[in-house]
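Architecture at a glance
For reference, the chains in residue letters:
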Amino acid sequence: MGFVIAVDGPAASGKGTLSKRIAAHYGLAHLDTGLLYRAVARLLLDKSRALDDEQAAAAAAYALNLAYMDESRLRGAEMGEAASRVSVIPAVRAALLDRQRDFAAQEPGAVLDGRDIGTVVCPEAAVKLFVTASPEERARRRHRELVDRGDAPPYESVLADIRARDARDTGRASAPLRQAQDAILLDTTELDIDAALARAIAVVEEVRGASSLP
Ligand code: C5P
């Protein structure tokens, strides 16, 4: 197994951007595991199947090939919400587990971000980060992004969506969102992306001192 960096955290915590930057910094491959759950939801919606149709969802998860999917159709808050509904289905999680582990097994290592990377997918990861920020700050960032894209839902409704997604992701029975015991907490409420990246690199370097990364 290569050098795995597991990055978990709630919606809109900035973990995706941070993971991409960490991967680029170390020349490692990066997997945004939320995309897998989003893709399962997309396949169901495209076939007009219900998001809680467990059999159809599990079949979609097994058949999934991200290479054939248009990422622009997976992004957006609506697909995030749909993804969080299919992600409560244990058979979907089981179907996606090996794929994520195969990705993590590549040399010289990989960065995976999601909700359960440090707890379930890669419990042996060399570095585990739990990236978070207050719900209000996450809602402010998400709201700013939406306004920049020309869409302007009220801030209060963005905040309500974030709280609802947090509740679903932390409250589900199967692999709920939680900080692994050995994960380092990175609260970005007061940090911009460059400051968060500097902190993350400092954590990785500390671990690297005791192991090896090319
Ligand atoms: O990270 P992103 O917002 O794209 O994830 C969408 C949804 O997919 C999350 O709200 C969560 O319910 C689910 N997910 C998960 N486990 C992961 C990654 C995402 O359950 N490792």
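Scroll up a little and you will see the structure.
Let me sum up the structure you'll find in this document. Just so you know, these numbers come straight off a predicted model, no measurement behind them.

**Digging into the pairing of strand S3 (residues 109-114)**
For S3, a buried count of six out of six residues is recorded, marking the element as mostly surrounded by other parts of the structure. Across the two faces of S3 the burial is the same, with Gly-109, Val-111 and Asp-113 and Ala-110, Leu-112 and Gly-114 all buried.

**Brief notes about helix H3 (residues 54-63)**
For H3, the set of buried residues is Ala-56, Ala-57, Ala-58, Ala-60 and Ala-61. On its buried face, H3 is in contact with helix H2 (34-46) and helix H5 (90-104).

**Notes on the environment of Val-7**
Here Val-7 is to be found in strand S1 (residues 3-8). A C-alpha to C-alpha distance of 12 Å links Val-7 and Asp-182, two positions 175 residues apart in sequence. Discounting residues that sit within four places of it in the chain, Val-7 has contacts with Lys-15, Ser-19, Ile-22, Val-111, Leu-112, Asp-113, Gly-114, Ile-117, Leu-129 and Val-131.

**Quick look at the site of the ligand**
The full set close to the ligand counts 16 residues, and Arg-38, Arg-93, Arg-115, Arg-165 and Asp-169 are the nearest of them. In this structure, Lys-15 approaches the ligand through a side-chain N or O atom, which is 3.4 Å from an oxygen atom. For the ligand, the accessible surface in isolation is 450 Å², of which the surrounding protein chains cover 96%. Judged by the proximity of its atoms to the pocket grid, the ligand belongs to the largest pocket. Among the elements of the structure, H2, helix H4 (77-86) and helix H8 (155-171) are those that each provide at least two residues to the shell around the ligand. Here the shell around the ligand is built from residues that sort into two nonpolar, six polar and eight charged.

**Regarding the nonpolar core**
In this structure, Val-40, Leu-64, Val-92, Leu-96, Leu-112 and Cys-122 are the most contacted members of the largest nonpolar core, which totals 34 residues. Those elements that place two or more of their residues in this core are S1, H2, H3, H4, H5, S3 and helix H6 (117-121). Per element, the largest residue contribution to this core is seven residues, and it comes from H2. Excluding its chain neighbours within four sequence positions, the residues that come into contact with Val-40 are Ala-57, Ala-60, Ala-61, Leu-64, Val-86, Val-92 and Leu-96. In terms of nonpolar packing, the next biggest core, distinct from the first, is built from 20 residues, Leu-18, Ala-23, Val-127 and Ile-201 among them.

**Comments concerning the sheet that holds strand S5 (residues 184-187)**
The strand order across the open sheet formed by five strands is S2-S3-S1-S4-S5, and the pairing between neighbours is parallel. The outermost strands of the open sheet, each flanked by one partner alone, are strand S2 (29-32) and S5. Neighbouring strand axes in the sheet, compared pairwise and without regard to direction, differ in orientation by 20° on average. Where S1 and strand S4 (residues 127-132) come together, four bridges link them in parallel fashion. Note on S4: the bridge partner recorded for Ala-6 is Lys-128. Strand contacts of helix H1 (residues 15-26): S1, S2, S3, S4 and S5, with the helix running at about 175° to S3, the strand carrying the most contacts.

**Topic: the layout of surface pockets**
By volume, the largest pocket is sized at about 1100 Å³. Considering the residues around the largest pocket, the lining is formed by 46 residues, among which Ala-12, Lys-15, Gly-16, Arg-75 and Arg-142 are closest to the centre. Contributions of two or more residues to the lining of the largest pocket are made by H1, S2, H2, H4, S3, helix H7 (135-148), H8 and helix H9 (193-208). In terms of residue count, H7 provides more of the lining of the largest pocket than any other element does, six residues in total. Broken down by class, the residue content of the lining of the largest pocket amounts to 13 nonpolar, 13 polar and 20 charged. In this structure, the second largest pocket encloses a volume near 310 Å³. Looking at the lining of the second largest pocket, the elements that each hand over two or more residues are H4, H7 and H8. Sort the elements by how many residues they give to the lining of the second largest pocket and H8 lands first, with five residues. Classifying every residue of the lining of the second largest pocket gives six nonpolar, two polar and six charged.

**Brief notes about H5**
The terminal C-alpha atoms of H5, which comprises 15 residues, lie 21 Å apart, in line with the 21 Å expected from a rise of 1.5 Å per residue. The sharpest bend along H5 reaches about 30° and sits at Leu-97. Within H5 the residues assigned to the buried category are Val-92, Arg-93, Ala-95, Leu-96, Leu-97, Gln-100 and Ala-104.

About the criteria used
Residues numbered from 1 in each chain as written. Predicted model: local features only at pLDDT ≥ 70, side-chain atom pairs only at ≥ 80, totals over all residues. Heavy atoms only, no water. Buried < 20%, exposed > 50% of the residue type's maximum accessible area, 1.4 Å probe, protein only. Helix = DSSP H or I, 4+ residues; strand = E, 2+ residues; numbered from the N terminus. Contact = heavy atoms within 4.5 Å. Near = heavy atom within 4 Å. Polar contact = N/O pair within 3.5 Å; in protein donor to acceptor, adjacent residues only side chain to side chain. Areas by Shrake-Rupley, 256 points an atom, 1.4 Å probe, with all protein chains shown as cover. 1 Å grid on protein atoms, 1.4 Å probe; cavity = no way out; pocket = protein on both sides within 12 Å on 5 of 7 lines; lining within 4 Å. Sits in = over half its atoms within 2 Å of the grid points. Nonpolar A, V, L, I, M, F, W, Y, C, P; charged D, E, K, R; others polar. Core = buried A, V, L, I, M, F, W, Y, C linked by side-chain atoms within 4.5 Å. Pairing = 2+ DSSP bridges. Axes fitted to C-alpha atoms, helices over the stretch in contact; angles between N-to-C directions. Points joined across faces, edges and corners; volume = space filled by probe spheres on them. Expected span 1.5 Å × (residues − 1). Bend = angle between axes of the 7 residues up to and from the residue.

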